[in-house]
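A look at the structure
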Amino acid sequence: MGYVKTAMLMAAMTALFMGIGYLLGGSGGALIALVVAGGMNVFTWWNSDKMVLRMHNAQPLPQGDRFGLNALVAELARNADLPMPAVYLIDTPQPNAFATGRNPQNAAVAVTTGLMRVLSREELAGVVAHELAHIRNHDTAIMTVTATFAGAISMLANFALFFGGSRERLGLVGSLAMMFLAPMAAALVQMAISRTREYAADKAGAEICGQPLWLASALARIQEGAARIDNDAAERNPASAHMFIINPLHAHKRDSLFATHPATENRIAALRAMAPGGRVAPARRAEPSRSSIPRTGHKDRSGPWN
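The rules behind the values
- Residues numbered from 1 in each chain as written.
- Predicted model: local features only at pLDDT ≥ 70, side-chain atom pairs only at ≥ 80, totals over all residues.
- Heavy atoms only, no water.
- Salt bridge = Lys/Arg side-chain N within 4 Å of Asp/Glu carboxyl O.
- Helix = DSSP H or I, 4+ residues; strand = E, 2+ residues; numbered from the N terminus.
- Buried < 20%, exposed > 50% of the residue type's maximum accessible area, 1.4 Å probe, protein only.
- Phe/Tyr/Trp six-rings, centres within 6.5 Å; stacked < 30°, edge-to-face > 60°.

Attention now moves to the pattern of salt bridges. Under the counting rule described, the total for this entry stands at six salt bridges. Across the pair R221 and E123 runs a salt bridge whose closest N-O atoms are separated by 2.3 Å. With R221 in helix α7 (residues 212–226) and E123 in helix α4 (residues 121–136), the pair connects residues that are 98 residues apart, well separated along the chain. Residue class for E123 comes out buried when judged on its relative accessible area of 4%. The residue D202 makes a salt bridge to R267 at a minimum N-O spacing of 2.8 Å. Taken together, the positions of D202 in helix α6 (residues 171–209) and R267 in helix α9 (residues 264–274) put the pair 65 residues apart, joining distant regions of the chain. R267 matches D202 in its accessibility class, with the two residues each being buried. What you see here is one network of salt bridges that share partners, running through R197, E198, D202 and R267.

So, in structure tokens, the structure goes:
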């Protein structure tokens, strides 16, 4: 089903791409846009994960890393019945994470240094499990393709300011309107995809790690950090915001266009409902502690995350 949704999204983005091309250059512009979109479909399917990781300057974390993160991801991947994804670290103080890749066999999980600093091992397990749920649900393909397509559409629409298209078809007002409306259309597609997807990944992630409250507590801490700490790479590439576990944007007025995530308090409430009598810890730093992830009996290797 994930592949069907991805194909539908790519078709919709192609149509939007062609529409902008037609407004800019008539039937010739639409034809050029179709060719470009076709090439982009192929290119983004195979390379969009690498492009997104490069956008955020994510660096691969080798096996046996001092954080024990690869070992934690490997254990949770076994719980989720998934191949081991590549693990990346993003050097930014904002706590956050995302998953990418066109399928479970070519997937990656990226976490920020800020996330490693503020979460306990149990909370980190909840976040990793959430990202593995996205991979298992094949969400990562549609998330990554959307990020690259939305960025391309925004760039194409901005050309309208300089090249304007046919005055008969658009005029100056039409050109300016398209410059703003096309990115908004892409953002609306992201919004429709992201909100239900996050609830599903929260639920599946809680099942993978076996403890809904670990993820609930992590979401509270990440929300508190993301609301006050800038993520410069995400601000430069707002079309990738929907990929993160919590919306990383807040520094610019335009960021409201990319508010693709459901309210964090609603996500926490849903997770609490999965754990009868559960209570979420206040959003403060927790010291790493020994954990026992269900089913696999992981030996704690944490030490200080930072």
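After that view, the rundown keeps rolling.
Tallying each qualifying case throughout the model produces one aromatic pair. Relative to F244, the ring of F98 lies with its centre 5.0 Å away and its plane at 70 degrees, an arrangement referred to as edge-to-face. Remark: F244 occurs in the loop between α8 (232–236) and α9 and F98 occurs in strand β3 (residues 97–101); sequence separation between them is 146 residues.

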